[in-house]
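Structural characterization, general
Spelled out, the chains give:
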Amino acid sequence: MDLYKDQDFCRQVIMDNYERPNKRIEKDDLNNFLKFNNNSDSCIDNITIFMKIENNIIKEMFFSGIGCAISTSSSNIICNLLINKTIDEANEILSNYSKMIKAEEYNQELLGDLNVFNNISNQPNRIKCSTIGTDACKEIIRGING
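**Examining the layout of surface pockets**
The calculated volume of the largest pocket comes to roughly 200 Å³. Along the walls of the largest pocket sit Gln7, Cys10, Arg11, Ile14, Met15, Ile70, Val116, Phe117, Asn118, Asn119, Ile120 and Gln123, which together make up its complete lining. With 5 residues, the top contributor of residues to the lining of the largest pocket is helix 1 (residues 7-19).

Below is the structure:
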């Protein structure tokens, strides 16, 4: 059985990453980190992603800010997922996540626990919540690629 089709399992992963995010930080002055702040016009979500890149590899990531369970957990999951990935690998993960959110065909194997949001397309009011952190990641990468 595919665990990501089990809504109880998905809810548990979301709540674990919301209640105990291991990549949330309180300070915003990280040296040698690129950062991008993304916020929502329609709710309290205000997330900043911090990314340290060395030799085209994402060495470390964190996030700060406030957000609902969906935005906090998706930001925490993406921070864990992209560490030690190349920029190309990160782009492929982010692209596949966007496809999943839009209910398009995607590669589930690349997304790890981001798969818990596989039904978010059925909740259009939660799409921004689920992409606030990943969109910030895209902006950081776009900035380094010029």
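**Notes on unusual backbone geometry**
Even without glycine at this site, asparagine 32 takes up a positive phi of about 65°. Even without being a glycine, alanine 103 presents a positive backbone phi close to 60°. Here alanine 103 is to be found in the loop between helix 3 (87-101) and helix 4 (127-145).

**Thoughts on the pairing of strand 2 (residues 46-54)**
Examined bridge by bridge, strand 1 (residues 34-39) and strand 2 share 6 bridges and lie antiparallel to one another. Across the sheet, residue asparagine 37 finds its bridge partner in strand 2, namely threonine 48. With antiparallel pairing between neighbouring strands as the criterion, strand 1 and strand 2 make up a hairpin whose turn holds 6 residues. Bridge count for strand 2 against strand 3 (residues 57-66) is 9 bridges, and the pairing is antiparallel. Each residue of the ladder has a partner; that of phenylalanine 50, found in strand 3, is phenylalanine 62. Count of turn residues in the strand 2/strand 3 antiparallel hairpin: 2 residues, of which asparagine 55 carries a positive phi of about 50°.

Rules behind the numbers
- Residues numbered from 1 in each chain as written.
- Predicted model: local features only at pLDDT ≥ 70, side-chain atom pairs only at ≥ 80, totals over all residues.
- Heavy atoms only, no water.
- 1 Å grid on protein atoms, 1.4 Å probe; cavity = no way out; pocket = protein on both sides within 12 Å on 5 of 7 lines; lining within 4 Å.
- Points joined across faces, edges and corners; volume = space filled by probe spheres on them.
- Helix = DSSP H or I, 4+ residues; strand = E, 2+ residues; numbered from the N terminus.
- Pairing = 2+ DSSP bridges.

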